[in-house]
Amino acid sequence: MTVVPQAPTFGYLSTWPAGGTQPVVSTLNALKGQVVANAAIVPAGEGGAINVFVTDTAQVIIDTNGYFGQ
């Protein structure tokens, strides 16, 4: 995950499997509004999708390195 904030401040980004409940933890933080990248393993949810939540306006880049199926 990489976040590119559109303002000088930014809170956090969370990711979780589609169809699940949003977690109370962040996947990455960019409190000073900087471009930040972070590796995360997010299980695929309904339809193989994930959900992404950002606290402030930003561009989000998701680089998928692999897909784990059952």
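No experiment lies behind these values; they were computed from the predicted model shown.

**Some points on the side chain of S14**
Point 1. If you trace the backbone, S14 turns up in strand β2 (residues 12-17).
Point 2. Within the structure, the side chain of S14 is placed 2.8 Å from the backbone oxygen of V25, a separation counted as a polar contact.
Point 3. Each residue touching S14, except ones within four places of it in the same chain, is listed here: Q22, V25, S26, T27, N51, V52 and F53.

**Describing the environment of K32**
Point 1. On the secondary structure map, K32 appears in the loop between β3 (28-29) and β4 (36-37).
Point 2. For K32, a relative accessible area of 71% translates into the label exposed.
Point 3. Along the chain, K32 and D63 lie 31 residues apart, while their C-alpha atoms are 23 Å from each other.
Point 4. Those residues in contact with K32, other than ones at most four positions away along the chain, are P8 and T9.

**Here we look at the sheet that holds strand β1 (residues 2-5)**
Point 1. The antiparallel open sheet is built from three strands, whose spatial order is β4-β1-β6. Either end of the sheet is taken by a strand with one partner, and the two such strands are β4 and β6 (58-61).
Point 2. Taken together, the two bridges between β1 and β4 define a ladder with antiparallel strand orientation. Paired with T2 across the strands is A37, a residue of β4.

Rules of the game
Residues numbered from 1 in each chain as written. Predicted model: local features only at pLDDT ≥ 70, side-chain atom pairs only at ≥ 80, totals over all residues. Heavy atoms only, no water. Helix = DSSP H or I, 4+ residues; strand = E, 2+ residues; numbered from the N terminus. Polar contact = N/O pair within 3.5 Å; in protein donor to acceptor, adjacent residues only side chain to side chain. Contact = heavy atoms within 4.5 Å. Buried < 20%, exposed > 50% of the residue type's maximum accessible area, 1.4 Å probe, protein only. Pairing = 2+ DSSP bridges.

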